[in-house]
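# Inside the fold
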Amino acid sequence: MWGCITDFFTYETTKSVVVKSWTIGIINRVVQLLIISYFAGWVFLYEKAYQERDTAIESSVMTKVKGFGEHHNKTMDVADYVTPTQGASVFCVITKLITTENQAQGECPESETKFKCEHHDNCTKLISKPGSNGLLTGRCVNFNSTFKTCQIRGWCPAEIDDIPIKPMMEVENFTIFIKNSIRFPRFNFTKGNFLPTINSSYIKKCNFDFEKNSYCPIFRIGDVIRLAHQDFTTLASKGGVIGIKIAWVCDLDRAEDECKPAYSFTRLDGMSEKSTVSPGYNFRYAKYFKRPDGTEARTLLKAVAIRFDVMVNGDAGKFNMIPTLINMVAAFTSVGVGAVLCDIILLNFLKGADQYKARKFEEVSDKQIEKSPSYISGMYRTREHSQLSIRPEDKFSNDSGAFSIGQYG
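The present account deals with the structure reproduced in this document. None of the values given here were measured: they were computed from a predicted structure. (Residues numbered from 1 in each chain as written. Predicted model: local features only at pLDDT ≥ 70, side-chain atom pairs only at ≥ 80, totals over all residues. Heavy atoms only, no water.)

### Comments concerning the overall build of the protein
Scanning the protein from terminus to terminus reveals 13 helices and 18 strands. Counting only residues that meet the buried cut, the protein has 35% of its 409 residues in that class. Sequence separation of 24 or more characterises 68% of the internal contacts of the protein that already satisfy a separation of 6 or more. Put simply, the protein shows about 26700 Å² of open surface, and 55% of that area lies on carbon and sulfur atoms. (Helix = DSSP H or I, 4+ residues; strand = E, 2+ residues; numbered from the N terminus. Buried < 20%, exposed > 50% of the residue type's maximum accessible area, 1.4 Å probe, protein only. Contact = heavy atoms within 4.5 Å. Areas by Shrake-Rupley, 256 points an atom, 1.4 Å probe, with all protein chains shown as cover.)

### Observations regarding the state of the cysteines
Throughout this description, disulfide means a covalent bond between two cysteine sulfur atoms. Here the structure, examined in full by the defined rule, presents five disulfides. The disulfide partner of Cys117 is Cys140, and the gap between their sulfur atoms is 2.0 Å. Residues Cys117 and Cys140 are joined by a disulfide whose S-S torsion is about 95°; by sign, that bridge is right-handed. Taken together, the residues Cys117 in strand β7 (residues 116–117) and Cys140 in strand β8 (residues 134–142) connect sequence positions 23 residues apart. The disulfide partner of Cys206 is Cys216, and the gap between their sulfur atoms is 2.0 Å. Measuring the twist about the S-S bond at about 70°, one finds the Cys206-Cys216 disulfide to be right-handed. Of the two residues, Cys206 is situated in the loop between α5 (200–205) and β12 (218–220) and Cys216 in the loop between α5 and β12; the sequence distance between them amounts to ten residues. There is no split in this pair, since Cys206 and Cys216 are both buried. Going through the protein in sequence order and numbering each bonded cysteine, the pairs you get are 1-6, 2-4, 3-5, 7-8, 9-10. (Disulfide = S-S within 2.5 Å.)

### Some details on a nonpolar patch on the surface
A contiguous nonpolar patch, built from Met1, Trp2, Ile5, Phe8 and Phe9 and spanning about 740 Å² of accessible area, is present on the exposed surface. Note on placement: Phe8 falls in helix α1 (residues 2–8). The exposure class assigned to Phe8 is exposed, which follows from its relative accessible area of 62%. (Patch = residues over 30% accessible without salt bridge, like charges linked within 9 Å, V, L, I, M, F, W, Y side chains within 5 Å. Salt bridge = Lys/Arg side-chain N within 4 Å of Asp/Glu carboxyl O.)

### Some details on the nonpolar core
One broad trend across soluble globular proteins is that nonpolar side chains are buried collectively. The biggest cluster of nonpolar side chains holds 46 residues, and the ones touching the most others in it are Tyr81, Val93, Phe184 and Phe308. Contributions of two or more residues to this core are made by β2 (58–66), β6 (90–109), β10 (175–184), α6 (221–227), α7 (232–238), β13 (240–251), β14 (261–267) and β16 (296–319). It is β16 that provides the largest number of residues to this core, a total of seven residues. Setting aside chain neighbours within four positions, we find Phe184 in contact with Asp54, Ile57, Phe189, Trp248, Cys250, Gly314, Asp315 and Ala316. Formed by ten residues, the second largest nonpolar core is a distinct cluster that contains Cys108, Phe115, Cys150 and Ile152. (Core = buried A, V, L, I, M, F, W, Y, C linked by side-chain atoms within 4.5 Å.)

### Describing the pairing of strand β9 (residues 148–156)
Here β9 lies mainly inside the structure; seven of its nine residues are buried. Pairing geometry for β6 and β9, over six bridges, is antiparallel. By the bridge assignment, Ala104 is partnered in β9 with Cys156. Looking at chain direction, β7 and β9 are connected through two bridges and run antiparallel. Paired with Cys117 across the strands is Lys148, a residue of β9. Connecting the antiparallel pair β8 and β9 is a turn made up of five residues. (Pairing = 2+ DSSP bridges.)

### A short note on the pattern of salt bridges
Across all of its chains, the model carries 14 salt bridges by this definition. Measuring nitrogen to oxygen at the nearest pair gives 3.2 Å for the salt bridge that ties Arg53 to Asp315. One end of the pair, Arg53, is in strand β1 (residues 51–54); the other, Asp315, is in strand β16, with 262 residues separating them in the sequence. Residue classification places Arg53 among the partly exposed positions, given a relative accessible area of 30%.

### Quick word on the packing of helix α2 (residues 22–46) against helix α9 (residues 321–335)
Interhelical geometry of α2 versus α9 gives an angle of 160° and a closest axis separation of 9 Å. In this view, α2 runs roughly antiparallel relative to α9, as classed from their interaxial angle. The interaxial crossing formed by α2 with α9 has right-handed handedness. Contact residues: α2 offers Gln32, Ile35, Ile36, Phe39, Val43 and Phe44, while α9 offers Thr324, Asn327, Met328, Ala330, Ala331, Ser334 and Val335. The residue inventory of the contact of α2 with α9, partitioned by class, reads nine nonpolar, four polar and no charged. (Axes fitted to C-alpha atoms, helices over the stretch in contact; angles between N-to-C directions. Parallel < 35°, antiparallel > 145°, perpendicular 65-115°, else oblique. Left-handed = near helix turned anticlockwise from the far one by under 90°. Nonpolar A, V, L, I, M, F, W, Y, C, P; charged D, E, K, R; others polar.)

What follows is the structure, given as structure tokens:
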């Protein structure tokens, strides 16, 4: 217990030992050089740690699609194949429509073959389960002259959605116009993807490509799908979701014109692409009308479409003294890591490690100091000069010249 107490009330002070060794000297300088290179090259130059960052980008996206196609022997324009019509950042371009006309509320046979039946008992067992196109009534009725299916109550006639229909291939040449405005609120910096060099005559003839027109805001759908590494024919037949990414990485210490958008393209529904259960992308919507007799009717449309998601992200930086000072202090502090590593090698792995330890670590107790000749001679000298103006309890250290205050026992 006494040993623990004496060990607790101890004080450690640093002791400088100069080691003239090529091995440890080279390791020390190499480690320091690596640390300085890391902070100078990676932290300050590449990561720009001297800047204050803003990633909370505010963005507005407006889109327009242009082009004409032919489907079901009808000429289709933007109002026919684009939904929703508001020109938002998420929109669909319909490539294929399956139409069920003149539906009205009533009772009719289910259209799917999984609801085939021979008598009412087959349908009664399924009445607690929802049908594909309506509520099951529990009756088995004739679908056609060949077989029977369970009866439903809902919009009739029931939809038949497995009809093979050729997609509208003209979609490949349609164009998408994207207007994007962004703002970094921390710096109150606003910019748009219309660069100063862009004018109306340029927009009328340009199409985006990475080599010649990397900042053109008009994108040909076929090029977008190709840049997303997808096949247009497959995508038009089954549908899918394509992402158009706009990245704003801006160094606001430079000229404003150097803050430019960077575009990239990818397919977002990778799982549905590989799935056989629900491949691609489709949705249903209806157009309602009144018959001459006043009953409500509708035309049901199942649309296979390519959905486009325009996604915007940004990161802006500007010089600020606070992060600069913080990272400079971290850099200077990290240089000391080289000394720690060299101490580990010096005291554990080099030849003569025990001698280095004896030189570096030294224990001094009060008894050793009192028995030392320098301590005794110092006592005599202090008594001889006690007539000086210095108080008796104030002494000078004999070895370092430091001024100390205390009383000898």
